[in-house]
Amino acid sequence: MGHIDVRNAIGSSYHDAVSGLRIDDIGPLDGTVVATLPRSDAADVARAVEAARAAQPSWAALSLFERANGLDRLADTMEAAADELAHLEALDTGKPWDVARHVDIDRCIRNFRFFAAFGRDQAPELFRMDDATNHVIRKPIGIVGLISPWNLPLYLLTWKVAPALLMGNAVIAKPSELTPLTAHRFSELVREAGLDGGLVNVLHGFGPEVGQALVEHPAVEAISFTGGTATGRIVAATAAPMFKKLSLELGGKNATVVLDDADIDAVLHGVVRSGFLNSGQICLCGSRVLVPSTMMAAFLPRFVDAVQRFPIGPVISEAHRSKVEGYLQLAVEEGGTVLTGGERGDGTGFHLSPAVVAGLSPTSRCATEEIFGPVVTVHPYSTEEEALDIANGTEYGLAGSVWTSDAERGRRFAERMDTGMAWVNTWLHRDLRVPFGGVKQSGVGREGGMWSLGFFSEAVNICVADD
Ligand code: NDP
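Residues numbered from 1 in each chain as written. Predicted model: local features only at pLDDT ≥ 70, side-chain atom pairs only at ≥ 80, totals over all residues. Heavy atoms only, no water.

A. Seen up close, the pattern of salt bridges. Scanning the entire structure with this criterion turns up 32 salt bridges. For R128, the salt bridge is made with D466, and the minimal N-O distance between the two is 3.1 Å. With R128 in strand β6 (residues 125-128) and D466 in the segment after β23 (457-465), this residue pair connects regions lying 338 residues apart in the sequence. You can call R128 exposed: its relative accessible area is 53%. The network of salt bridges with common partners includes D72, D76, E79, R113 and R120. (Salt bridge = Lys/Arg side-chain N within 4 Å of Asp/Glu carboxyl O. Helix = DSSP H or I, 4+ residues; strand = E, 2+ residues; numbered from the N terminus. Buried < 20%, exposed > 50% of the residue type's maximum accessible area, 1.4 Å probe, protein only.)

Below you can see the structure in the form of structure tokens.
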């Protein structure tokens, strides 16, 4: 297959970057160029803002019901193209096709169906007083900027596009330059579904160039950003003085806590999956497994064996593989032992076998910094209090999971974890109505259900005195 020509979707047409520059998109399966894309900058943002400005008012004038119907139409076109979208996602990320099809693309479609139905279910928000009634209405913000990472490219992008459109906004999206393919195809599907192209503009290029320009543009009044904590800091420093609305979904170093009453065989698959799904490149992955010292001898060999049999693809890029390998080297320098994994294999792509590291202090760099790859560190603990101290002992606070034979005990433990989300005896089990987001350095704000509707709109109160 020849390489794909990705272009910026602006209004009703497709454009090269104003600069004329292009970037290669390298497929992680074999390291070849699969596409080229525009290297956009502030000049392209200016064009997209014009297109968004032209399209947004008539969209905002529709009722919430009519906009919800638009979301459903888009879900229909995506459903018809689901296999193709999964193919593109697998090509760009290296993940197995069925993970792309059933974890990523199914969820992309569900993002639109969910927000369409959720929007239709909203009851009027009325607050009665003795002598007046408060009517809370939600107005569109206008133009919102959506910046997303490479690990779940279309999944995370559509998680933002769906509520942003539902609430009457136009969007300018900046996907990661490492994974532009599904965002590009999605921009075509938006137009095939009959939505005005100016509602969903997609600009490709490097974060510090087009991403930064998007955050800086005064007409872009809100930024929803998902990515690393260091980048989030730059985005916040740029947007905050302009008083833009900001949602930051950032990194994590999540703990997977096996309690002393857990049945090892029953929890093993869940613990392994939480560590290594998508080659550990999901912000929610559990990269630190905490096991009672008394169970370690029974747990560790079974865990290593299960990890060796877990299906896994390559990591996203050569540079990312080097970063992950650097952490494995550091693990050894810090006194750890790599029990399995960390090997490249014979392929030409960016493969790295899933690695388990034991013997590290829970305060070591490898056990506290986000690696975002197929590496899990395992740590013994003696008491539940100690497990909690280790779990809460990083600057991050995104998610965690607890594995136990006593769900109520697990829930009590989870309540004491400093995280925005926690699972008990399950992982990545998502009800889209609930809040999603992190505490500490893992982010600011929440998305999901009402939280997304709140973020992508301006709540306005109108107090009407009784006659
Ligand atoms: P990055 O922070 O490197 O990039 C995220 C996005 O921001 C990319 O589109 C990037 O563009 C863009 N960007 C980079 N610099 C700027 C800038 N100055 N202004 C505006 N945009 C910019 O993250 P990764 O893509 O490496 O993704 C991995 C990270 O994402 C991990 O830390 C992971 O934990 C986090 N993540 C968090 C999730 C959550 O929900 N909390 C979910 C998934 C991932 P470019 O690619 O061109 O650099």
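B. The packing of helix α5 (residues 153-166) against helix α6 (residues 181-192), seen in detail. Interaxial distance between α5 and α6 falls to 8 Å at its minimum, and their mutual angle equals 45°. Relative to α6, the element α5 lies oblique. Here the hand of the crossing between α5 and α6 comes out right-handed. Contact residues: P153, L154, L157, T158 and V161 in α5; T182, A183 and F186 in α6. (Axes fitted to C-alpha atoms, helices over the stretch in contact; angles between N-to-C directions. Parallel < 35°, antiparallel > 145°, perpendicular 65-115°, else oblique. Left-handed = near helix turned anticlockwise from the far one by under 90°. Contact = heavy atoms within 4.5 Å.)

C. Local environment of the sheet that holds strand β1 (residues 4-5). Read across the open sheet, the 3 strands follow the order β1-β5-β4; overall the sheet is mixed. Looking along the sheet, the strands with just one partner apiece sit at the ends: β1 and β4 (22-26). (Pairing = 2+ DSSP bridges.)

D. Local environment of the domain arrangement of the chain. Considered domain by domain, the chain is made up of domain 1 (4-250 + 442-463) and domain 2 (254-432). Here domain 1 and domain 2 share an interface that buries about 2000 Å² over both sides, 62% of which is from carbon and sulfur atoms. In terms of surface lost to domain 2, no three residues of domain 1 exceed P28, W150 and S442, which account for 27% of the buried area on that side. At the boundary of domain 1 with domain 2, the tally comes to 0 salt bridges. The interface formed by domain 1 and domain 2 includes 9 residue pairs in polar contact (both at pLDDT 80 or more). Counting residues per element, the ones that place at least two in the side of domain 1 that touches domain 2 are α3 (82-93) and α4 (97-120). Considering only residue class, the side of domain 1 that touches domain 2 consists of 9 nonpolar, 11 polar and 6 charged. (Domains from an automatic or database assignment. Buried area = accessible area lost by both parts, 1.4 Å probe. Polar contact = N/O pair within 3.5 Å; in protein donor to acceptor, adjacent residues only side chain to side chain. Nonpolar A, V, L, I, M, F, W, Y, C, P; charged D, E, K, R; others polar.)

E. Representation of the site of the ligand. Of all residues adjacent to the ligand, which total 31 residues, the nearest are E177, T231, L250, C283 and E370. In the environment of the ligand, an oxygen atom lies 3.1 Å from a nitrogen or oxygen atom belonging to the side chain of S176. A distance of 2.9 Å separates a nitrogen atom of the ligand from a polar side-chain atom of Q212. Against a free-state accessible area of 890 Å², the protein chains account for coverage of 89% of the ligand. One can see that the ligand is located within the largest pocket. Of all the elements in the fold, those that place two or more residues in the shell around the ligand are α7 (207-216), β11 (220-226) and α8 (229-239). The dominant element in the shell around the ligand, judged by the number of residues it contributes, is α7, at 4 residues. Tallied by class, the residues present in the shell around the ligand amount to 15 nonpolar, 12 polar and 4 charged. Mapped onto the domain boundaries, the shell around the ligand takes at least three residues apiece from domain 1 (4-250 + 442-463) and domain 2 (254-432). (Near = heavy atom within 4 Å. Areas by Shrake-Rupley, 256 points an atom, 1.4 Å probe, with all protein chains shown as cover. 1 Å grid on protein atoms, 1.4 Å probe; cavity = no way out; pocket = protein on both sides within 12 Å on 5 of 7 lines; lining within 4 Å. Sits in = over half its atoms within 2 Å of the grid points.)

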